[in-house]
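Structure assessment
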Amino acid sequence: MSDQNRKYNVAVAGATGAVGGAMLEVLERVNFPVNELRLLASERSVGMKLKFKDKEIAVGLLSKDAFNAIDIALFSAGAARSLEFAPAAAAAGAVVIDNSSAFRMDVDIPLVVPEVNQHAIAQYTNRGIIANPNCSTIQMLVALKPIHDKAGIKRIVVSTYQAVSGTGAKAIAELEAQVKAYTAGEPVQKNVYPHQIAFNCLPHIDSFLENGYTKEEMKMVNETRKIFEDPSIGVTATTVRVPVFYGHSESINIETDKKISAAAVKELLATAPGVKVVDDPGLSIYPLALDCAGKFETLVGRIREDQSIENGINLWVVADNILKGAALNTVQIAEIVARDYL
């Protein structure tokens, strides 16, 4: 156990990106015990100043020798940069928490959602790296873990409705520009996505694989099995990009080993860590992407029994994809690392 008064030297790699910026906000919101904060990014961002707790900190160059004396390194610089620089950070003595897909399926690297499998963090000593799961996987498993513990989940069918912020700043700008052009009766330009995203839904996130699924869909399949430590769970996913700026929504259908009622699920989730039940359809109260922005909790509603199978439950799950789907989950892991391992 660590000294409760200790402060930590923290590096943020990819500090100028959307998730990097959110990491700074979350570190401040949770009052993480930061001693030195080192902000790192590519050459074009070096010298830029970012605010943290009323101080302005200049951005330095992300390089292999940038992690001297760092205790915890938070990475959100993309998979290629994580593969290049995360091992160097770990070799310098930092515990790396990586938000990219680079290490998620490595058998010797823990893939962690703190509300679901925080015990796996102990495996960080293998290579000095902990992986943050895909945003859509995180919110789904936060909602499903209490049900899995109680009734056992044998199959998951999920369809996602994912915000453009999951693609990045250029996608946000493209949606804004397309809405303006469409409503003005002007030609709609598309660069980020293969089709117009404004007023449309694209059943296409990441590239297609030989099995007909996309990489995003298979991430949800493979990550779920790894995090739940159960390769027997059946998972099928359809991931869809929708014209929403922030907040991923998911329609989830599960089949359980034991019968569990919708009322029992609501009761379980009412006290589940990281979950907020928002479920009163009679008053038109259910989770909305518009309502999740800036919230730490994963919102769950439309909880009902599946009429088509014996042991089935339907849920609607919504979360801020930049926060719980990325920055918050990373910082929550860092809090546990600092508290229990350093």
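Let us look at the structure shown here. (Residues numbered from 1 in each chain as written. Predicted model: local features only at pLDDT ≥ 70, side-chain atom pairs only at ≥ 80, totals over all residues. Heavy atoms only, no water.)

**A few points about the overall build of the chain**
Inclusion rule: Numbering of helices and strands runs from the N terminus; a helix is a DSSP stretch of H or I covering at least four residues, while a strand is a stretch of E covering at least two. For this measure, only C-alpha atoms enter the radius of gyration; the expected value for a globule follows 2.2 Å times N^0.38, where N is the number of residues. Categorising residues by exposure relies on relative accessible area from a 1.4 Å probe, with only protein chains included: less than 20% of the type maximum marks a residue as buried, more than 50% marks it as exposed, and the intermediate range marks it as partly exposed. Note on definitions: a residue-residue contact is assigned when non-hydrogen atoms from the two residues lie within 4.5 Å. To measure how exposed things are, a 1.4 Å probe is used in the Shrake-Rupley method; for residues, cover is taken only from the protein chains shown.
A tally of regular secondary structure across the chain gives 9 helices and 14 strands. For a compact globule of 342 residues, the expected C-alpha radius of gyration is about 20 Å, and the chain comes in at 20 Å, within 12% of that figure. Overall, the C-alpha framework of the chain stretches about 60 × 55 × 40 Å when taken along its three principal axes. Of all 342 residues assigned to the chain, the portion counted as buried reaches 53%. Taking the intrachain contacts of the chain between residues at least 6 apart in sequence as the baseline, contacts between residues at least 24 apart amount to 66%. Carbon and sulfur atoms form 49% of the exposed surface of the chain, whose accessible area is close to 15400 Å².

**A few points about the environment of Lys-51**
As for its position among the elements, Lys-51 is in strand 3 (residues 49-52). Classification of Lys-51 by relative accessible area gives exposed; the value is 58%. Put simply, Lys-51 and Phe-75 are 24 residues apart on the chain and 18 Å apart in space, counted from C-alpha to C-alpha.

**A word on helix 2 (residues 79-91)**
Test applied: Take the number of residues in a helix, subtract one, and multiply by 1.5 Å to get its expected span. To get the bend at a residue, fit one axis to the 7 residues ending there and another to the 7 starting there, then take the angle between the axes.
Over its 13 residues, helix 2 runs 18 Å from end to end, which matches the ideal 18 Å to within 8%, given 1.5 Å per residue. Along its length, helix 2 shows its largest kink, about 35 degrees, at Phe-85, and proline Pro-87 lies within four residues downstream of that point. Among all positions of helix 2, only Ser-82, Phe-85, Ala-86, Ala-88, Ala-89 and Ala-90 are buried. Looking at the buried residues of helix 2, the elements they touch are strand 6 (72-75), strand 7 (95-98) and strand 8 (129-131). Within two residues after helix 2, Gly-93 carries a phi angle of roughly 105 degrees, on the positive side.

**Quick word on the nonpolar core**
Spelled out, the test is: By nonpolar core is meant a set of buried Ala, Val, Leu, Ile, Met, Phe, Trp, Tyr and Cys residues that side-chain atoms within 4.5 Å join together.
By size, the foremost hydrophobic cluster in this structure holds 56 residues, and its most contacted members are Phe-67, Phe-75, Leu-144, Ile-156 and Leu-315. The leading source of residues in this core is helix 4 (residues 135-151), at 8 residues. Once you skip the residues sitting within four places of it in the chain, Leu-315 turns out to touch Leu-144, Ile-147, Glu-250, Ser-251, Ile-252, Ile-254, Val-265, Leu-269, Val-300, Gly-301, Arg-302 and Ile-303. By size, the runner-up hydrophobic cluster in this structure holds 39 residues, among which are Ala-41, Ile-57, Val-337 and Ala-338.

**Comments concerning the side chain of Ser-165**
Threshold: Counted as a polar contact is a pair of N or O atoms within 3.5 Å, where, for protein atoms, one must be capable of donating a hydrogen and the other of accepting one, and residues adjacent in sequence contribute only when both atoms are in side chains.
Among the structural elements, Ser-165 can be located in the loop between strand 9 (153-162) and helix 5 (169-183). Here Asn-321 takes part through its side chain, which lies 2.9 Å from a polar atom of the side chain of Ser-165. For Ser-165, the residues in contact, after removing those within four places along its chain, are Ile-172, Phe-245, Tyr-246, Asn-321 and Ile-322.

**Section: the sheet that holds strand 7**
This is how the line gets drawn: Between any two strands, pairing holds if DSSP finds at least two bridges. Axis definition: a line fitted to C-alpha atoms, limited for helices to the stretch in contact. Angles are taken between N-to-C directions and run from 0 to 180 degrees.
Reading across from one edge, 5-2-1-6-7-8 is the order of the 6 strands in this open sheet, with parallel pairing throughout. Of all the strands in the sheet, just strand 5 (60-61) and strand 8 have a single pairing partner and so form its edges. Here strand 1 (residues 8-13) pairs with strand 2 (residues 34-41) via 5 bridges, running parallel. Counterpart to Ala-13 in the pairing with strand 2 is Leu-40. Sheet contacts for helix 1 (residues 18-29): strand 1, strand 2 and strand 6; angle to strand 1, the most-contacted strand, approximately 155 degrees. Contacts from helix 2 reach strand 6, strand 7 and strand 8 within the one sheet, and its direction differs from that of strand 6 by about 175 degrees.

**Observations regarding a nonpolar patch on the surface**
In plain terms, the rule: Without a salt bridge and with relative accessible area above 30%, a residue can belong to a patch; like charges are then joined within 9 Å and nonpolar side chains (Val, Leu, Ile, Met, Phe, Trp, Tyr) within 5 Å. For this document, the term salt bridge refers to a Lys or Arg side-chain nitrogen within 4 Å of an Asp or Glu carboxyl oxygen.
On the surface, Val-179, Tyr-182 and Phe-199 cluster together to form a nonpolar patch covering roughly 300 Å² of accessible area. Secondary-structure assignment places Val-179 in helix 5. Judged by its relative accessible area of 30%, Val-179 falls in the partly exposed class.

**Re the sheet that holds strand 10 (residues 234-241)**
Spatial ordering of the open sheet is given by 10-9-11-14-13-12, a layout of 6 strands whose pairing is mixed. The open sheet is flanked by strand 10 and strand 12 (275-277), the only strands paired with a single partner. Ignoring which end each strand starts from, the neighbouring axes of this sheet average 20 degrees apart. Where helix 7 (residues 262-270) meets the sheet, its contacts fall on strand 12, strand 13 (298-305) and strand 14 (312-319), and the angle it forms with strand 13 comes to roughly 165 degrees.

**Section: the pairing of strand 11 (residues 248-256)**
Summarising burial for strand 11: 7 of the 9 residues are buried, a large majority. Where strand 9 and strand 11 come together, 8 bridges link them in antiparallel fashion. When the bridges of strand 11 are listed, Thr-160 appears paired with Glu-250.

**Some thoughts on the pairing of strand 4 (residues 55-58)**
Successive residues of a regular strand alternate their side chains across the two faces of the sheet. As defined by bridge partners, strand 3 adjoins strand 4 across 4 bridges and the pair is classed as antiparallel. Its bridge partner being in strand 4, Lys-51 is matched across the sheet by Glu-56. Hairpin connection, strand 3 to strand 4: the antiparallel pair is bridged by 2 residues, and Lys-53 has positive phi, about 50 degrees.

**Quick look at the pattern of salt bridges**
All chains considered together, the criterion is met by 12 salt bridges. Put simply, Asp-106 and Arg-127 hold a salt bridge, and the shortest N to O gap is 2.9 Å. In this pair, Asp-106 sits in the loop between strand 7 and helix 3 (114-117) while Arg-127 sits in the loop between helix 3 and strand 8, placing the two residues 21 residues apart along the sequence. On the accessibility criterion, Arg-127 (34% relative accessible area) is partly exposed. Between Lys-266 and Asp-279 there is a salt bridge; the shortest N-O distance is 3.7 Å. Separated by 13 residues along the polypeptide, Lys-266 in helix 7 and Asp-279 in the loop between strand 12 and helix 8 (289-292) bring together distant segments of the chain. Among the residues examined, Asp-279 registers a relative accessible area of 17% and is labelled buried. A single salt-bridge network, built from bridges that share partners, covers Asp-106, Asp-108 and Arg-127.

Function cannot be read off these values alone, since they describe shape.
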